[in-house]
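Structure assessment
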Amino acid sequence: SLLSASLLGIDFANPLLNASGVYCRDVAELDALAASAAGSLVTKSCTLLAREGNPEPRYYATPLGSINSMGLPNAGYQYYLAYAQQHDYAAKPLFLSVAGLSLADNLTMLAAIRAADTPAIVELNLSCPNVPGKPQIGYDFAAMTAMLEAVTQAYDRPFGVKLPPYFDIAHFDEAAAILNRFPQVAFVTCINSIGNALIIDVEAESVVIKPKDGFGGIGGDYVLPTALANVNAFYRRCPAKQIIGCGGVTRGEHIFMHLLAGASLVQVGTALYEEGPGIFARLNDELAELLTRKGYRGIEEVRGKLRTL
Ligand SMILES: O=C(O)c1[nH]c(=O)[nH]c(=O)c1I
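Anyway, here's the lowdown on the structure attached to this text. (Residues numbered from 1 in each chain as written. Predicted model: local features only at pLDDT ≥ 70, side-chain atom pairs only at ≥ 80, totals over all residues. Heavy atoms only, no water.)

The next subject is the overall build of the protein chain. Scanning the protein chain for helices and strands turns up nine helices and 16 strands. Its C-alpha radius of gyration of 18 Å places the protein chain within 12% of the 19 Å reference for a compact globule of 309 residues. Considered along the principal axes of its C-alpha atoms, the protein chain spans approximately 55 × 50 × 40 Å. Looking at the 309 residues of the protein chain, the share that counts as buried comes to 54%. Long-range pairs, those at least 24 residues apart, make up 72% of the contacts in the protein chain between residues at least 6 apart in sequence. (Helix = DSSP H or I, 4+ residues; strand = E, 2+ residues; numbered from the N terminus. Rg over C-alpha atoms; globule rule 2.2 N^0.38 Å. Buried < 20%, exposed > 50% of the residue type's maximum accessible area, 1.4 Å probe, protein only. Contact = heavy atoms within 4.5 Å.)

Here we come to the sheet that holds strand β9 (residues 159-163). What links the strands of a sheet is backbone hydrogen bonding, and the strands pair in either a parallel or an antiparallel sense. Taken together, the eight strands give an open sheet; going across it, the order is β3-β16-β15-β10-β9-β8-β7-β4, and neighbouring strands pair in parallel fashion. The sheet is open, and its two borders are formed by β3 (16-18) and β4 (41-42), each paired with just one other strand. As paired strands, β9 and strand β10 (residues 185-190) are joined by five bridges and run parallel to one another. In the sheet register, Lys162 faces β10, and the bridge partner there is Thr189. Of the strands in this sheet, β9, β10, β15 (242-246) and β16 (263-268) touch helix α6 (residues 224-237), which is tilted by about 175° from β15. (Pairing = 2+ DSSP bridges. Axes fitted to C-alpha atoms, helices over the stretch in contact; angles between N-to-C directions.)

Next up on the list: unusual backbone geometry. A negative phi holds for most residues other than glycine; trans holds for most peptide bonds. Of the consecutive residues Glu56 and Pro57, the connecting peptide bond is found in the cis state with omega at 0°. Residue position: Pro57 is located in the loop between β4 and β5 (59-62). Residue Ile191 is bonded to the preceding Cys190 through a cis peptide linkage, with omega at 0°. Mapped onto the fold, Ile191 is located in the loop between β10 and β11 (194-198). Non-glycine residue Leu8 carries a positive phi angle of around 55°. Counting through the fold element by element, Leu8 comes out in the loop between β1 (5-7) and β2 (10-12). On the basis of relative accessibility, which here comes to 28%, the residue Leu8 falls in the partly exposed class. One non-glycine residue with positive phi stands out, namely Asn196, at about 55°. Among the secondary structure elements, Asn196 is positioned in strand β11.

Quick look at the packing of helix α2 (residues 77-86) against helix α3 (residues 103-116) now. Contact pair α2 / α3: the axes reach a minimum separation of 11 Å and the direction vectors enclose 20°. With respect to each other, α2 and α3 are oriented roughly parallel. The handedness of the crossing between α2 and α3 is right-handed. Where α2 approaches α3, its residues Tyr77, Leu81 and Gln85 are matched on the opposing element by Met109, Ala112, Ile113 and Ala116. For the contact of α2 with α3, the per-class residue count stands at six nonpolar, one polar and no charged. (Parallel < 35°, antiparallel > 145°, perpendicular 65-115°, else oblique. Left-handed = near helix turned anticlockwise from the far one by under 90°. Nonpolar A, V, L, I, M, F, W, Y, C, P; charged D, E, K, R; others polar.)

This next bit is on the packing of aromatic side chains. A full pass over the atoms with the stated rule returns ten aromatic pairs. Here the aromatic rings of Tyr59 and Tyr273 are separated by 3.6 Å at their centres, their planes lie at 10°, and the arrangement is stacked. Of this pair, Tyr59 sits in strand β5 while Tyr273 sits in helix α8 (residues 270-275), placing them 214 residues apart in sequence. Ring centres of Phe172 and Phe234 lie 6.1 Å apart, and the angle between their planes is 90°; on these two criteria the pair is classed as edge-to-face. Placement of the pair is Phe172 in helix α5 (residues 169-179) and Phe234 in helix α6, with a sequence separation of 62 residues. With respect to burial, Phe172 and Phe234 carry one shared label: buried. A connected cluster of aromatic rings, assembled from ring pairs, spans Tyr139, Phe141, Tyr166, Phe172 and Phe234. (Phe/Tyr/Trp six-rings, centres within 6.5 Å; stacked < 30°, edge-to-face > 60°.)

Now for the site of the ligand. Close to the ligand lie Lys44, Asn68, Met70, Gly71, Leu72, Pro73, Asn125, Asn192 and Ser193, which account for all nearby residues. The separation between an oxygen atom of the ligand and a polar side-chain atom of Lys44 is 2.8 Å. Expressed as a share of its isolated accessible area of 330 Å², the protein-covered part of the ligand is 82%. Grouping the constituent residues of the shell around the ligand by class yields three nonpolar, five polar and one charged. (Near = heavy atom within 4 Å. Polar contact = N/O pair within 3.5 Å; in protein donor to acceptor, adjacent residues only side chain to side chain. Areas by Shrake-Rupley, 256 points an atom, 1.4 Å probe, with all protein chains shown as cover.)

This part covers the pattern of salt bridges. Should the charged atoms of two oppositely charged side chains come close, the side chains can pair. Scanning the model with the defined rule gives 13 salt bridges in all. Measuring nitrogen to oxygen at the nearest pair gives 3.3 Å for the salt bridge that ties Asp140 to Lys134. The class for Asp140 is buried, based on a relative accessible area of 12%. A relative accessible area of 46% means that Lys134 is categorised as partly exposed. Between Arg251 and Glu253 there is a salt bridge whose closest N-O contact spans 3.2 Å. According to the relative accessible area criterion, Arg251 is partly exposed, its value standing at 37%. Overlapping salt bridges bring together Arg114, Asp117, Asp156 and Arg157 as one network. (Salt bridge = Lys/Arg side-chain N within 4 Å of Asp/Glu carboxyl O.)

Below you can see the structure in the form of structure tokens.
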């Protein structure tokens, strides 16, 4: 139908899902996403052991978006694997986001996920914190290569990677060249939050979140152009892979932009946090209205059709 989408040969009723980390940390939230108009859902990035995460306030929203330094609070990977094993895949696909604090942790989690043999699709979060003092994996190309070499040995199913935003053409080139060495990396999710931003409250003359002296990843309107650029940069450089867009979606036309840029599916973070799962019905309606007005019969006709001048 009009909004039908496809990834890894799997059918989706529509291209929308949550961004990992938003509305997906416990069963109640995951069930609400499963019951919503979202075409699929992804779990909070998980670690080997459960984590409390950072002290609050650790998330804050402004009229232009959000800032967070959650610190990877999650129930531990077995919790999300158990959820994946009871999920109704006939209703909609489910993604498991994995963000081990070490390569060893990732290998342990992926081995258990593989052994469970669920239809869940793995999204490996490369924006997760790495060794303190070193850049996150997504910004350490040697570490990223080593991680993918080890993971593709341990996990023999197609999977995807969640990337941080890049801002330099040479970095798009280098990151894509690494990913293209791994055909098993079947999709790329662009982008994670733009890291280490700072939001200031003038009234209080203060930062707005407690961890890291107020420094945190931003999302929402602040990041849409960067998200679209990363979607299109990897769409152009990785013709054998699919792209999941993430960043800056609050309206149907933003989904349309991500599709034009090359996305197959589109994730919603900040706007979902602020509006709740009802947003998916609104966004699907707005996207359907836009496609119909423009004479499209399906989103496949839109993907990657961005014109240049
Ligand atoms: O602080 C977090 O938990 C977090 N926050 C983000 O904005 N992106 C991430 O990948 C993660 I793992």
